[in-house]
Amino acid sequence: MNRTTKITLTTVSAIIVLAGTAVCVIRWQAWFGNPAEKPYTVSNEPHNIVLTYGENASSSRIVSWRAGSELQESDVQLLSWQSRDTLHIPAEGCIVESRAGEAAYYRSRLDTLRPGNYSYRCSTGDVYSEWYPVFVADKSDRLRMQEFLLFGDIQDKSGEASAEMFNKAFTKVQTTGSSLSGVLFAGDIIERPTDEYWQLFFSSFSDRQATIPVIAATGNHEYLKGVRKKLDLRWTHIFGNPQNGPERFKETTYYIDFPLCRFIVLDTDGMQVMSDYTVMQTWLDKILEARKGVWKIVVMHHPVYAAGKGRDNPLIRFALRRTLRKADVVFCGHDHNYMRLTEKIGKPLYILTNSSEKFYVPKTTLVADCHAAYLRFYEDVKIWSDSISIDTWNVEDDVLFDHVTICK
């Protein structure tokens, strides 16, 4: 190797190193930076109460809450309007430490519920929450129709925009006389994993999560950044979910069975090494095959087909695309755009939605049945035995933007 060649190689190597260093410096905060969390204290009164489903939506609920920073004897008092009996259901508790404080989180499982109206309240020590209503539909109602509201990324830094959106969405459902079976979140409920942002979410949602069951997927904004991301521990204690997912994704990947459908929630942010993709694909294939004759609906944060410029997810697409063809509908977010797309074989139907005031540049080569950018949406999802209807509403002017019905 002559001297000129050596100089050239040295120069090229130096340029590559400098360019790589510059990119790391510019992107360091985006890749690895986490905003500081302000110190906080926690009220001794049970609060941040969340109602979720167990594995069998027809008979089970899970109630989660937090109260104080020391563990105390806690339970849920469940009053049946039919029998007038009150059950005391013990709660499990644990201390969850964050970067700026700690809190005691509790969870109580309400299993073998019969159809009817109930009220419940949470108690920690000698302090009680208010009473909240819970309704368990009978078989005929469950087979008639089930309705859900879907929200994509929220990431509200003040709580005002999301509070307005939630008010519009729930008011619209109430005016139709419908009874919601649940609320779906496609990840990124909060801006970043700090107590301040969690409390903004709860205040904007106005305790609705204590009476209407939540079905939530993790989003990347619920994770602490790093060489290997870590899910904010509060997430798994705020949302009590069935523990029927793969061992390494317990409570973040799960399924819930309704009479008309099976909801499957995937933790796409948790897939960080190649074996994670294999584990997720194997489990998903098994769960999609296991229950016949009902709708299969998947909720996940990262989309298989991106709608945002430069936001492709090739590993997710490679690992899950073929398996997801066994699903009927896939709801996702992350791209801060809207897209409705159907696979060439006719299923699944992909709905990528956005509920945030943050917008990303749309993908210029996007080929979809319907798409939009720089707008906020929520979906009203109605499920019958023979069809699913999805209405997409524009948050700003509260008008119907898109509609699709799929039939068996």
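What counts, and where the lines are drawn
Residues numbered from 1 in each chain as written. Predicted model: local features only at pLDDT ≥ 70, side-chain atom pairs only at ≥ 80, totals over all residues. Heavy atoms only, no water. Helix = DSSP H or I, 4+ residues; strand = E, 2+ residues; numbered from the N terminus. Expected span 1.5 Å × (residues − 1). Buried < 20%, exposed > 50% of the residue type's maximum accessible area, 1.4 Å probe, protein only. Arc of directions from axis to C-beta. Contact = heavy atoms within 4.5 Å. Axes fitted to C-alpha atoms, helices over the stretch in contact; angles between N-to-C directions. Parallel < 35°, antiparallel > 145°, perpendicular 65-115°, else oblique. Left-handed = near helix turned anticlockwise from the far one by under 90°. Nonpolar A, V, L, I, M, F, W, Y, C, P; charged D, E, K, R; others polar. Polar contact = N/O pair within 3.5 Å; in protein donor to acceptor, adjacent residues only side chain to side chain. Pairing = 2+ DSSP bridges. Right-handed = clockwise from strand over helix to strand, strands pointing away. Phe/Tyr/Trp six-rings, centres within 6.5 Å; stacked < 30°, edge-to-face > 60°.

Side note on helix H6 (residues 274-290)
So, point 1. Given a rise of 1.5 Å per residue, 17 residues ought to cover 24 Å, and the 25 Å separating the end C-alpha atoms of H6 matches this to within 8%.
So, point 2. Those residues of H6 that fall on the buried side of the exposure criterion are Asp276, Tyr277, Met280, Trp283, Leu284, Ile287 and Leu288. Down the axis of H6, the buried set is contained in an arc of 140°. They therefore lie on one face. Residues of H6 that are exposed and point over 90 degrees away from its buried face: Met274, Thr278, Lys286 and Ala290.
So, point 3. Among the structural elements, strand S15 (254-257), strand S16 (261-265), strand S17 (295-299) and helix H7 (314-324) are those in contact with the buried residues of H6.

What about the packing of H6 against H7?
So, point 1. At a minimum axis distance of 9 Å, the contact between H6 and H7 shows a crossing angle of 15°. Our classification of the angle between H6 and H7 gives roughly parallel. Judged by the twist between their axes, the crossing of H6 over H7 is right-handed. Residue-level contacts link Met274, Tyr277, Met280, Gln281, Leu284, Asp285 and Leu288 of H6 to Leu315, Ile316, Ala319, Leu320, Thr323 and Leu324 of H7.
So, point 2. Across the contact of H6 with H7, the residue classes break down as 10 nonpolar, 2 polar and 1 charged.

Looking at the environment of leucine 51
So, point 1. Tracing the chain through its elements places leucine 51 in strand S1 (residues 47-53).
So, point 2. Those residues within four positions of leucine 51 in sequence are excluded, and the remaining contacts are Arg61, Ile62, Val63, Tyr120, Val134, Gln209, Ala210, Thr211, Ile212, Pro213 and Val214.

Focus: the environment of aspartate 335
So, point 1. Examined against the element boundaries, aspartate 335 turns out to sit in the loop between strand S18 (329-332) and strand S19 (338-342).
So, point 2. Judged by its relative accessible area of 0%, aspartate 335 falls in the buried class.
So, point 3. In this structure the C-alpha to C-alpha distance between aspartate 335 and aspartate 153, which are 182 residues apart in sequence, comes to 8.6 Å.
So, point 4. At 2.6 Å, the side chain of aspartate 335 forms a polar contact with the backbone nitrogen of alanine 307.

Some thoughts on the sheet that holds strand S5 (residues 92-97)
So, point 1. Overall, antiparallel pairing links the 4 strands, which are arranged S1-S2-S6-S5 in an open sheet. Of all strands in the sheet, those bounded by a partner on one side alone are S1 and S5. Averaged over all pairs of adjacent strands, the angle between their axes in this sheet comes to 20°, without regard to strand direction.
So, point 2. Of the strand pairs in this sheet, S1 and strand S2 (residues 61-66) are connected by 5 bridges, and their pairing is antiparallel. Looking at the pairing, threonine 52 lines up with isoleucine 62 of S2.

A word on the sheet that holds strand S12 (residues 214-216)
So, point 1. With mixed pairing, the 6 strands of this open sheet are ordered in space as S12-S11-S10-S22-S23-S24. At either end of the open sheet lies a strand with only one pairing partner, and these are S12 and strand S24 (399-407). Strand-to-strand twist of the sheet, defined as the mean angle between neighbouring strand axes without regard to direction, takes the value 20°.
So, point 2. Sitting on the sheet, helix H3 (residues 160-175) is in contact with strand S10 (146-151), strand S11 (182-185), strand S22 (377-383) and strand S23 (387-394), with an inclination near 165° to S10.

As for the side chain of threonine 353
So, point 1. For threonine 353, the position within the fold is in the loop between strand S20 (349-352) and strand S21 (370-372).
So, point 2. Setting aside residues up to four positions removed in sequence, threonine 353 forms contacts with Leu150, Phe151, Gly152, Asp153, Cys332, Gly333, Asn337, Tyr338, Phe377 and Glu379.

Thoughts on the pairing of S11
So, point 1. What you see with S11 is no split at all: Gly182 and Leu184 on one side and Val183 and Phe185 on the other are buried throughout.
So, point 2. By the bridge criterion, 4 bridges tie S10 to S11 in an arrangement that is parallel. Residue phenylalanine 151 lies in a different strand from S11, and its bridge partner there is phenylalanine 185.
So, point 3. Handedness of the β-α-β unit built from S10, H3 and S11 comes out right-handed.
So, point 4. Note that S11 and S12 share 3 bridges and pair parallel. Note on S12: the bridge partner recorded for phenylalanine 185 is alanine 216.
So, point 5. Crossover S11 to S12 through helix H4 (residues 195-205) is right-handed.

Describing the packing of aromatic side chains
So, point 1. As enumerated under the stated definition, the model contains 23 aromatic pairs in all.
So, point 2. Between the aromatic rings of phenylalanine 201 and phenylalanine 202, the centroid separation amounts to 5.3 Å while the plane-to-plane angle is 65°, which identifies the pairing as edge-to-face.
So, point 3. By relative accessible area, which is 6% here, phenylalanine 202 ends up buried.
So, point 4. On the numbers, 5.1 Å between centres and 50° between planes, the contact of tyrosine 338 with phenylalanine 377 is tilted. Taken as a pair, tyrosine 338 in strand S19 and phenylalanine 377 in strand S22 lie far apart in primary sequence, 39 residues in all. With respect to class, tyrosine 338 is no different from phenylalanine 377; both count as buried.
So, point 5. A network of ring pairs unites the aromatic residues Phe151, Phe166, Phe170, Phe185, Phe201, Phe202, Phe205 and Tyr378 as a single cluster.

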